[in-house]
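Chain residues, written in single-letter form:
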Amino acid sequence: MTTHSPLARVRAVAAGTGVAATVPYLTLKLLWLTGHPVGVGDGAAMDDLWLINLLTFGMDAVAVLLALAFVRPWGRRAPAGLLAFPMWVATGLLGTILVALPLILLSTLVLGPDASAADDGPDGLGDWVFTVVYGGFAVQGVALIVGFLLHTRERWGGLLRERIGDLPDSPTLTVQRTFAGVAGLLAFGVAAARLYWSAGGTAGLPAAWVAEHSRSLAVMDLVTALMAVAGTAALLVLVFRIRPERRLRVPLAVTWTAAGSLFGWGAWQLVVFGTVTDVSDPQKAVPGLLPLVEAAQVITGLLVLAAGAIALVERAAARAAVAPPGAGSAVAPAAPAAVADVESAG
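For the structure given in this document, a descriptive report is provided here. Each chain carries its own residue numbering, running from 1 in the direction its sequence is written. Under the rules for a predicted model, residues below a pLDDT of 70 receive no local features and side-chain atom pairs below 80 are neither given nor counted, while totals for whole chains, interfaces and linings still include all residues. Only hydrogens and water are removed before side-chain values are computed, so all heavy atoms of the structure are retained for them.

### Side note on the environment of L167
Next up, step 1: Along the polypeptide, L167 turns up in the loop between α6 (127-161) and α7 (173-198).
Next up, step 2: Only protein chains enter the accessibility calculation, which uses a 1.4 Å probe; a residue whose area is less than 20% of its type maximum is buried, one above 50% is exposed, and one in between is partly exposed. Looking at L167, the relative accessible area reads 6%, which means it is buried.
Next up, step 3: Sequence separation between L167 and R315 is 148 residues, and the spatial gap between their C-alpha atoms is 5.7 Å.
Next up, step 4: Here a residue-residue contact requires only that any non-hydrogen atoms of the pair lie within 4.5 Å. Apart from residues lying up to four places away in sequence, L167 is in contact with L238, R241, L248, A311, L312 and R315. The numbering of helices and of strands both runs from the N terminus, where a helix is a DSSP run of H or I of at least 4 residues and a strand a run of E of at least 2.

### Some details on the pattern of salt bridges
Next up, step 1: By salt bridge we mean one thing: a side-chain nitrogen of Lys or Arg within 4 Å of a carboxyl oxygen of Asp or Glu. Overall, the coordinates contain three salt bridges when judged by the stated rule.
Next up, step 2: When the shortest N-O distance is used, the salt bridge between E154 and R11 registers 2.6 Å. Taken together, the residues span a long stretch of sequence, with E154 in helix α6 and R11 in helix α1 (residues 6-33) at a distance of 143 residues.
Next up, step 3: Note on E154: relative accessible area 27%, which makes it partly exposed.
Next up, step 4: Among the salt bridges present, the one from R194 reaches D221, with a minimum N-O distance of 2.8 Å. Here R194 is found in helix α7, whereas its partner D221 is found in helix α9 (residues 215-239), with 27 residues between them in sequence.
Next up, step 5: Judged by relative accessible area, which is 2%, R194 ranks as buried.

### Remarks on the side chain of Q297
Next up, step 1: Inspection of the secondary structure puts Q297 in helix α11 (residues 289-322).
Next up, step 2: Residue classification places Q297 among the buried residues on the basis of a relative accessible area of 0%.
Next up, step 3: With residues up to four places along the chain from it excluded, the contact list for Q297 reads V190, R194, T224, L262, F263, W265 and G266.

### Here we look at the nonpolar core
Next up, step 1: Counting 42 residues, the largest nonpolar core has W32, L66, M87, W88 and L144 as the members making the most contacts within it.
Next up, step 2: Listed by contribution, the elements that provide at least two residues to this core are α1, α3 (50-69), α5 (80-111), α6, α7, α9, α10 (249-276) and α11.
Next up, step 3: The biggest single contributor to this core is α5, with nine residues.
Next up, step 4: Discounting chain neighbours no more than four positions away, the residues touching L66 are L83, P86, M87, A90 and L144.
Next up, step 5: Core analysis: the second largest hydrophobic core is formed by 13 residues, A193, A225, F273 and V293 among them. Working definition of a nonpolar core: buried Ala, Val, Leu, Ile, Met, Phe, Trp, Tyr and Cys residues. They are joined through side-chain atoms within 4.5 Å.

### Points about α9
Next up, step 1: In a helix, the anticipated span is given by 1.5 Å times the number of residues less one. Here α9 spans 36 Å end to end across 25 residues, near enough to the 36 Å set by a 1.5 Å rise per residue.
Next up, step 2: Where α9 terminates, the next one or two residues include R241, which has phi positive at roughly 55°.

### As for the environment of S198
Next up, step 1: On the secondary structure map, S198 appears in helix α7.
Next up, step 2: Distance in space between the C-alpha atoms of S198 and T224 is 9.8 Å, their sequence separation being 26 residues.
Next up, step 3: Not counting chain neighbours up to four residues away, the residues in contact with S198 comprise A218, D221 and L222.

### Digging into the packing of aromatic side chains
Next up, step 1: Aromatic pairing here means that ring centres of Phe, Tyr or Trp (its six-membered ring) are within 6.5 Å. Orientation follows from the plane angle: under 30 degrees is stacked, over 60 is edge-to-face, and everything else is tilted. Overall, the coordinates contain eight aromatic pairs when judged by the stated rule.
Next up, step 2: Each ring, one from F85 and one from F263, has its centre 5.9 Å from the other, and the planes form 70°; the classification is edge-to-face. With F85 in helix α5 and F263 in helix α10, the pair connects residues that are 178 residues apart, well separated along the chain.
Next up, step 3: By relative accessible area, which is 40% here, F85 ends up partly exposed.
Next up, step 4: For F263, a relative accessible area of 14% gives the class buried.
Next up, step 5: Seen from their ring centres, Y134 and F137 are 5.6 Å apart, and the 90° between their planes marks the pair as edge-to-face. Of this pair, Y134 and F137 both sit in helix α6, three residues apart, roughly one helical turn.

It is worth stressing that arrangement in space is one thing and function is another; only the former is reported here.
Right, here's the structure in full:
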């Protein structure tokens, strides 16, 4: 992809848009971190959320670096794994929001405002804060995913044209299928729990969540359940070579996004509960089921990633073995393990 090609220009616009979309969020977080509770009704609550605000500020700063890496020369030279892991998590976090937001908006149009939600959100956050934050997340998600896909197309475009049957039948196929099977069982449990909560079930939820359970949280539970089912189903298609004539890109994209969603949101919720939960307050205490489900999400995401990485590392090695000496390759041979992670995004 030349510097002046149409796709290069699209990638540059996507990167610039992604960086610009982080500015309102980073500004808001910086104000809160420096003791200026703009848009917050209960300013004292920000003191308890200082660490969470610092973490989220850092996460969005990483998004800026990712966007720049897709258009700058140093980004193409960077080890693939250095881009792959944060982009995997970002795709999962932002991709989930991209799926959930239209459903939340549609439910509001059809059913009206959610009467069960707090009037000003948690800690008295104004409505405009949610618009700024989640509107920015949606723009970031689209921009980063477009930029990453074009970066992947230039750097590892050969993968997007290959088929499921091109994955090698190797001695580790049993390991891959074992990982996929365990991930499928865990994902079934995650999906069942999230569907139950989405339908209004309350067992295993903190009392504060039950009191303030909103339609938006129900939609997020539903989307998480869909991610659990879709991600493991796509992985099973890959490791059992179902429909070998089909191209890799669709099941890879589903596996990448869904596994990133399970891992990213599961890990984030565990961090949040571990950071801000007051176990002495029965309204905030977390019953055993909720953290177990979140831990199962994290483990499922890692198992899916591991199985996909093994398959793609072996595919890269097999391709390198048959390539003539000195021939160019669509896969960077210096870092096959890291490349495998990135290629999962195709």
